[in-house]
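Read off the chains here:
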Amino acid sequence: MAGTDKIEDELEMTMVCHRPEGLEQLEAQTNFTKRELQVLYRGFKNECPSGVVNEETFKQIYAQFFPHGDASTYAHYLFHAFDTTQTGSVKFEDFVTALSILLRGTVHEKLRWTFNLYDINKDGYINKEEMMDIVKAIYDMMGKYTYPVLKEDTPRQHVDVFFQKMDKNKDGIVTLDEFLESCQEDDNIMRSLQLFQNVM
């Protein structure tokens, strides 16, 4: 096993370090100031010296924030939402663009990003299974200590209620328009999404 670690270390050292686009360009594309971007970049480089994060590293970082639950499944979905180019790695630009939307974006931008997270297979719709997978991953990540009275079927009930409200034309899928409309007209859905966004 030690031999494998050594090879991985050598691979990591020979990997070309990724340098982000100019801070001026990122400042123009995000809602962060140049100073904030510098601070974020330092933190990112500290966790990921190569300048890119693969899914395994992403999961390890996430696990530290949720020691009482299993964050690996949610981190997997989140990683794929951050990895917009589907390259299998998240660069600083990807990270900071998503963070900009989640922290400082408009309601509409945040909802579009959340829709993309829930649309696991990226077909432009959310079906009940996709919603169930994400909600269950969030419950798993929060852990049993956070929800001491949580019953096994709670995620399913949660999804049933949400899906029924969102699937306006009852065709078994939720479109982006249905998602945006439902979230903006229903305070309960909006509050739940904000709760879920807090785990990002």
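Keep in mind it's a predicted model, so treat the numbers as computed, not measured.

The next point concerns the overall build of the protein. When you go through the protein residue by residue, the secondary structure sums to 11 helices and four strands. Scored against the burial criterion, the 200 residues of the protein give a buried share of 39%. At a minimum sequence separation of 6, the contacts of the protein that also span at least 24 residues come to 59%.

Another point: the nonpolar core. With 52 residues, the main nonpolar core has Tyr62, Tyr74 and Met131 as its most contacted residues. In terms of residues, this core owes the most to one element, helix H8 (residues 128-146), which gives nine residues. Residues within four places of methionine 131 in sequence aside, it is in contact with Tyr118, Ile126, Val159, Phe162, Phe163 and Met166.

Right, let's talk about the side chain of serine 50 for a bit. Here serine 50 lies in the loop between helix H3 (34-47) and strand S1 (52-54). On the accessibility criterion, serine 50 (10% relative accessible area) is buried. Of the polar contacts made by the side chain of serine 50, one reaches the backbone oxygen of valine 52; its length is 3.2 Å.

Mapped onto the present numbering, the UniProt feature "domain: EF-hand" (unreviewed entry) falls on residues 70-105, 106-141 and 154-189. The span residues 106-141 is 72% helix and 8% strand, and its two end C-alpha atoms sit 27 Å from each other. The span residues 154-189 is 72% helix and 8% strand, and its two end C-alpha atoms sit 16 Å from each other.

Right, let's get into the packing of aromatic side chains. The full count for this structure, using the stated rule, is 13 aromatic pairs. The interplanar angle of 15° and the centroid separation of 5.8 Å between the aromatic rings of phenylalanine 58 and tyrosine 62 together place this pair among those described as stacked. With a gap of four residues between them, phenylalanine 58 and tyrosine 62 both fall in helix H4 (residues 55-65), about one helical turn apart. An identical accessibility class is assigned to phenylalanine 58 and tyrosine 62; each is buried. Relative to phenylalanine 65, the ring of tyrosine 62 has its centre 6.4 Å away and its plane inclined at 70°; by these criteria the two rings are edge-to-face. A residue pair is termed a helical-turn pair when its members lie 3 or 4 positions apart in one helix, as tyrosine 62 and phenylalanine 65 do in helix H4 at three residues. For tyrosine 62, a relative accessible area of 7% puts it in the buried group. Through successive ring pairs, a cluster of aromatic residues spans Tyr41, Phe44, Phe58, Tyr62, Phe65, Phe66, Tyr74, Phe79, Phe82, Phe92, Phe95 and Trp113.

Below, the discussion takes up helix H7 (residues 107-118). With 12 residues, H7 extends 16 Å from end C-alpha to end C-alpha; this agrees with the ideal 16 Å at 1.5 Å per step. Every buried residue of H7 is accounted for by Leu111, Trp113, Thr114, Phe115, Leu117 and Tyr118.

Conventions adopted
Per chain, residues are indexed from 1 in the order of the written sequence. With the structure being a predicted model, the display of local features is reserved for residues of pLDDT at least 70 and the display and counting of side-chain atom pairs for 80 or more, all residues being used for whole-chain, interface and lining totals. Each side-chain value is worked out from all heavy atoms of the structure, with water and hydrogens disregarded. Secondary structure elements follow DSSP: runs of H or I of four or more residues count as helices, runs of E of two or more count as strands, with numbering from the N terminus. Burial classes follow relative accessibility: with a 1.4 Å probe on protein chains only, a residue under 20% of its type's maximum area counts as buried, one over 50% as exposed, and anything between as partly exposed. Contacts between residues were defined by any pair of non-hydrogen atoms, one from each residue, lying within 4.5 Å. We define the nonpolar core as a collection of buried residues of types Ala, Val, Leu, Ile, Met, Phe, Trp, Tyr and Cys that are connected through side-chain atoms lying within 4.5 Å of one another. Definition of a polar contact: a pair of N or O atoms within 3.5 Å, with one able to donate and the other able to accept a hydrogen when the atoms are protein atoms, and with sequence-neighbouring residues admitted only if both atoms are side-chain atoms. UniProt positions are given in the numbering used here, feature names are shortened, and annotations may be inferred rather than shown by experiment. We call Phe, Tyr and Trp rings a pair once their centres come within 6.5 Å, taking the six-membered ring for Trp, and we label the pair stacked below 30 degrees between planes, edge-to-face above 60, and tilted otherwise. Expected helix span is taken as 1.5 Å per residue step, with the number of steps being one fewer than the number of residues.

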